[in-house]
Amino acid sequence: MDTAAINRELLDYVDRSPVSFFAIRNMADELDRSGAVRLYEGERWELTPGTTYYTTRNDSSLISFRIPAVWSSGFQIIASHCDSPAFRIKTNAEITVENRLVKLNVEKYGGMICESWFDRPLSVAGRVVVQTPEGVETRLICIDRDLLIIPHLAIHMNRNVNDGYKINLQKDMLPLFAEKTAGPEESGTGGGFIGLIAAEAGVAPEDILDTELNLYNRTKGTLFGLNNEFIAAGRLDDLTCAFASLKAFLSAGPGRSIAVHCVYDNEEVGSGSRQGAASTFLSDVLHRINAACGGSEEDYHCRLLKSFMLSADNAHGVHPNHTDKSDPTNRPALNGGIVIKYSANQKYTTDAVSGALFRKICTAANVPVQTFQNRSDQIGGSTLGNISTIQVPLLTADIGLAQLSMHSAYETAGARDMEYLVRASGWFYASSVESRGDGCYSLLLPDSIKE
Ligand code: CO
């Protein structure tokens, strides 16, 4: 695998995926190009062995799966998320300031480092729902130009800006959008924000029924460091894992298990939506696969005990300026390999069994692993694995890649780690696991895989 090439491919995907709708559409396009068959949840599923399928929910979550010619085991699943903390543009967004400037009203989605959103070119992406002669339709839009900036207050007007200034989301974070050029009786910003959105969607402003639009960071991803050993971009959490697992899924040969590639929306706000990890999406899809392959409900339950899931979401690497913030004995390094995450309070699903089995897969794949645990005096974050296993009780390990500046508008990670994750994911998809009784497990590994 060519490290630089795979990272350029990743950064291109990230740049083209400013919000979850685009992250999913770009994946669907990739699946279409590979010959996968699209299924809709609202239609009957008739599935043929030897075929790759995918389905989406809300256009913002996606599950793809490949049925082997002979299905003798369960499901090998890698789940990640495609949403990132960002600012959502509110309804009636325009606020005129002193009859001169127009700013937009926004609220936060997820927990971001607000500081990182100041003073950089931003634009708008998301979906609009429009009225057409045929009915109601959703359209994705991405305004591909520098459109907005959230300007900092000058240090002269806020002398404590570097001493822990408390950001007020309603006051400090509203982006500057336009100059109001016309007089009070005229149309102001010339159709204004909705006019701009309507033009982008190719409809008249009055045909826009509703919108779901985010700000996104315009700064493109890049490789950096003396030997280009690091990557930086917006949304690396968790598009790195979503991208790496799709790449491995597309190239994985048929195994004994059904390979499942699952990407959820709404992880950053707790997963509690129709398309999030707390939803029935995965459960519904696995049930339907089982039924379409002639399995009974009894078979479904047996299959789950022959299954293994990776909850793949990035981890905190040791920070060069804050080495004390990491646990004393579990210290993930950028480019140090795949991070296995543990948490006694079950925020991460990895247990001794899933940890052991995943380590064996990585050994076979010749991929280094490292471990993450929170410092005991820190609460840490959470992810989608333990939420998803409430709906589908699978043996699961939480893994990810080490990164810095998580939830900044521009995050940093290791360039070599991507390759590790693609390779380990390929071996994972080609493996199968079987629980014998309760406490004994067989892991069937391939001799080699196509890369
Ligand atoms: Co994440």
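Residues numbered from 1 in each chain as written. Predicted model: local features only at pLDDT ≥ 70, side-chain atom pairs only at ≥ 80, totals over all residues. Heavy atoms only, no water.

(A) Representation of the sheet that holds strand S15 (residues 315-316). As summarised here, the arrangement of the five strands in space is S11-S12-S20-S19-S15, forming an open sheet in which the pairing is mixed. The open sheet has two edge strands with one neighbour each: strand S11 (222-224) and S15. When strand S12 (residues 230-233) meets strand S20 (residues 411-414), the two strands line up antiparallel, connected through four bridges. When the bridges of S20 are listed, Ile231 appears paired with Ala413. Contacts between helix H1 (residues 3-15) and the sheet are confined to S11 and S12, with S12 contributing the most and set at about 10° to the helix. On top of the sheet, helix H10 (residues 415-430) reaches S11, S12, strand S19 (402-404) and S20; it is set at about 65° to S20, its chief contact. (Pairing = 2+ DSSP bridges. Helix = DSSP H or I, 4+ residues; strand = E, 2+ residues; numbered from the N terminus. Contact = heavy atoms within 4.5 Å. Axes fitted to C-alpha atoms, helices over the stretch in contact; angles between N-to-C directions.)

(B) Geometry of the environment of Asn58. Note that Asn58 resides in the loop between strand S2 (52-57) and strand S3 (61-66). In the structure, Asn58 is positioned 55 residues away from Ile113 in sequence and 27 Å away in space, judged by C-alpha atoms. With residues up to four places along the chain from it excluded, the contact list for Asn58 reads Phe21, Arg127, Arg274 and Gln275. A distance of 3.0 Å separates the side chain of Asn58 from the side chain of Arg127, its partner in a polar contact. (Polar contact = N/O pair within 3.5 Å; in protein donor to acceptor, adjacent residues only side chain to side chain.)

(C) Representation of the pairing of strand S21 (residues 432-436). As paired strands, S21 and strand S22 (residues 440-444) are joined by five bridges and run antiparallel to one another. Looking at the pairing, Ser435 lines up with Tyr441 of S22.

(D) Representation of the coordination of the cobalt ion. Surrounding the cobalt ion are the protein donor atoms His81 (NE2), Asp237 (OD), Asp313 (OD) and Asp313 (OD), at 2.0 to 2.6 Å. Relative to the metal, the four donor atoms surrounding the cobalt ion lie at angles of 55 to 142°, and the coordination shape comes out irregular. Positions of the donor residues of the cobalt ion along the chain correspond to the pattern H-x155-D-x75-D. With Asp237 in helix H5 (residues 236-251) and Asp313 in the loop between strand S14 (308-312) and S15, this residue pair connects regions lying 76 residues apart in the sequence. Residue Asp237 is classed as buried on the basis of its relative accessible area of 2%. (Donors = N, O, S within 2.8 Å, 3.2 Å for Na, K, Ca; no water. Tetrahedral: all angles 85-135°; square planar, octahedral: opposite > 155°, others 65-115°. Buried < 20%, exposed > 50% of the residue type's maximum accessible area, 1.4 Å probe, protein only.)

(E) How the structure looks around the packing of aromatic side chains. For the structure on display, the rule yields 11 aromatic pairs. Centre to centre, the rings of Phe224 and Phe230 are 5.3 Å apart; their planes meet at 45°, and the pair counts as tilted. For Phe224, a relative accessible area of 34% translates into the label partly exposed. The exposure class assigned to Phe230 is partly exposed, which follows from its relative accessible area of 26%. With centroids separated by 6.4 Å and ring planes inclined at 75°, the aromatic side chains of Tyr348 and Phe372 adopt a geometry described as edge-to-face. (Phe/Tyr/Trp six-rings, centres within 6.5 Å; stacked < 30°, edge-to-face > 60°.)

(F) Quick peek at the domain arrangement of the chain. According to the domain assignment, the chain contains domain 1 (3-84 + 234-444) and domain 2 (86-217). Here the C-alpha centre of domain 2 lies 33 Å away from the C-alpha centre of domain 1. Tallying the contact residues gives 20 residues for domain 1 and 20 residues for domain 2. Between the two partners, domain 1 and domain 2, sit zero salt bridges. Along the contact surface separating domain 1 from domain 2 lie nine residue pairs in polar contact (both at pLDDT 80 or more). Residues that form the side of domain 1 that touches domain 2 fall into these classes: eight nonpolar, six polar and six charged. (Domains from an automatic or database assignment. Salt bridge = Lys/Arg side-chain N within 4 Å of Asp/Glu carboxyl O. Nonpolar A, V, L, I, M, F, W, Y, C, P; charged D, E, K, R; others polar.)

(G) Region of interest: the packing of H1 against H10. Between H1 and H10, whose axes approach to 9 Å, the crossing angle comes to 90°. Taken together, H1 and H10 sit at an angle that is classed as roughly perpendicular. Side by side, H1 and H10 meet where Thr3, Ile6, Asn7 and Leu10 of the first sit next to Ala415, Arg416, Met418, Glu419 and Val422 of the second. Residue composition of the contact of H1 with H10, by class: five nonpolar, two polar and two charged. (Parallel < 35°, antiparallel > 145°, perpendicular 65-115°, else oblique.)

(H) Summary view of the sheet that holds S3. Pairing within the open sheet is mixed, and its nine strands lie in the order S1-S2-S3-S13-S4-S14-S18-S16-S17. Two strands in the sheet have a free side with no partner beyond their single neighbour: strand S1 (37-39) and strand S17 (369-372). Ignoring which end each strand starts from, the neighbouring axes of this sheet average 25° apart. Taken strand by strand, helix H6 (residues 281-292) contacts S2, S3, strand S4 (75-81), strand S13 (258-264) and S14, and its axis lies near 25° from that of S3. Most of the contacts of H10 go to S4, to which it runs at about 150°, and overall it touches S4, S13, S14, strand S16 (338-341) and strand S18 (396-400).

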